[in-house]
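# Per-entry structural report
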Amino acid sequence: MKIWLDEKLVEEQDAKISVFDHGLLYGDGVFEGIRFYNGRVFRLEEHIKRLFDSAKAIIITMPWTQEQVVQFTVDTIAANGLRDGYVRLVVTRGTGGLGLNPYLCERPSMFIIASTISLYPEEYYTKGLPIITCATRRPAPSALMPQVKSLNYLNNIMAKVEAIQAGVMEALMLNEQGFVAECTGDNIFIIRDGKLLTPPVADGALDGVTRRVILELADQLGIPWAEQTLARYDIYIADECFLTGTAAEVIPVISLDRRPIADGLPGPLTGKFIRAFRELANSTGTPIV
Ligand code: PXG
């Protein structure tokens, strides 16, 4: 496997970063996960823009342009001869001393891994996913901005552990006020009386690229939608529920806290979104050349 590291492609065994890198020492950095389908990278420019926005928000000055990073990403996928898969970009603060001060790190590091990812077994896409509410809350936006896709995922990992210990694969995370934020690596949607609802980003969700795609598809399919603060109650009484994310794609949720959502089967509009998403993902994107 060939990895992009800083300015060039290197073999996997040579893709190493310093133990003094602040990405490792402090989780000081940002990342992106992007999928490619059928020889095209899905929403590549949008993901790279979010990477730059995340970097800017934590005062990392990118030494590359967005156009360059788009090209590096495509080059890394092409160098590995892949047409379908997942690409991870990581930007760290770079190497510095022991001590938090980011200004003592000289230059950010970036590496790009082109591989594959599978978050949930295939059967869950047809049968649907049971989820639980976890006790671990999303950090307040005043503590960690939810829009920043940072290397600080301990909060989400602890939530994921709660899910696994409860015997399911995903957990619903609430914000400090007790309203629905998102899941550990996915945004959440419900359908109620024919209307699509998702919490606003300000309630503690990442501004997901897949989330934006779903809202665009809702417009195309003529399904009304709104960003609305949701409580667990709204999910318990929903007609349908699904999660979205680059890794998860679109996946039906069939129960929350062992309470079936509607009749406990994936809903018809969810199926429509899954099909529309797959069609779009397989037919659009930046060509890998
Ligand atoms: N919320 C969180 C906290 C995320 O980390 C999403 C929502 C969905 O955003 P996108 O833009 O992907 O639609 C994410 C994205 C992984 C993995 O390794 C997680 C994500 C993306 C790729 C891989 O579990 N999370």
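Residues numbered from 1 in each chain as written. Predicted model: local features only at pLDDT ≥ 70, side-chain atom pairs only at ≥ 80, totals over all residues. Heavy atoms only, no water.

### Considerations on the packing of aromatic side chains
Using the criterion set out here, one finds six aromatic pairs in the structure. Ring geometry for Trp-4 and Phe-72: centres 4.4 Å apart, planes at 20 degrees, overall stacked. Within this pair, whereas Trp-4 is found in strand β1 (residues 2–5), its partner Phe-72 is found in helix α3 (residues 66–79), the two being separated by 68 residues in sequence. Each member of the pair, Trp-4 as well as Phe-72, is classed as buried. Taking the centre distance of 6.1 Å and the plane angle of 85 degrees together, the rings of Tyr-37 and Phe-42 count as edge-to-face. By relative accessible area, Tyr-37 is classed as buried at 9%. (Phe/Tyr/Trp six-rings, centres within 6.5 Å; stacked < 30°, edge-to-face > 60°. Helix = DSSP H or I, 4+ residues; strand = E, 2+ residues; numbered from the N terminus. Buried < 20%, exposed > 50% of the residue type's maximum accessible area, 1.4 Å probe, protein only.)

### Digging into the domain arrangement of the protein
Partitioning the protein into domains gives domain 1 (2–115) and domain 2 (123–281). Once you take the C-alpha centre of each, domain 1 and domain 2 turn out to be 26 Å apart. Contacts between domain 1 and domain 2 engage 24 residues on the former and 21 residues on the latter. A salt bridge links Arg-43 to Glu-216, with the nearest nitrogen and oxygen atoms 3.0 Å apart. Connecting domain 1 to domain 2 are eleven residue pairs in polar contact (both at pLDDT 80 or more). Only α1 (22–26), β3 (29–37), α2 (44–57) and β5 (85–92) provide two or more residues apiece to the side of domain 1 that touches domain 2. When residues of the side of domain 1 that touches domain 2 are assigned to their parent elements, the largest contribution, eight residues, is made by β3. Residue composition of the side of domain 1 that touches domain 2, by class: eleven nonpolar, seven polar and six charged. (Domains from an automatic or database assignment. Contact = heavy atoms within 4.5 Å. Salt bridge = Lys/Arg side-chain N within 4 Å of Asp/Glu carboxyl O. Polar contact = N/O pair within 3.5 Å; in protein donor to acceptor, adjacent residues only side chain to side chain. Nonpolar A, V, L, I, M, F, W, Y, C, P; charged D, E, K, R; others polar.)

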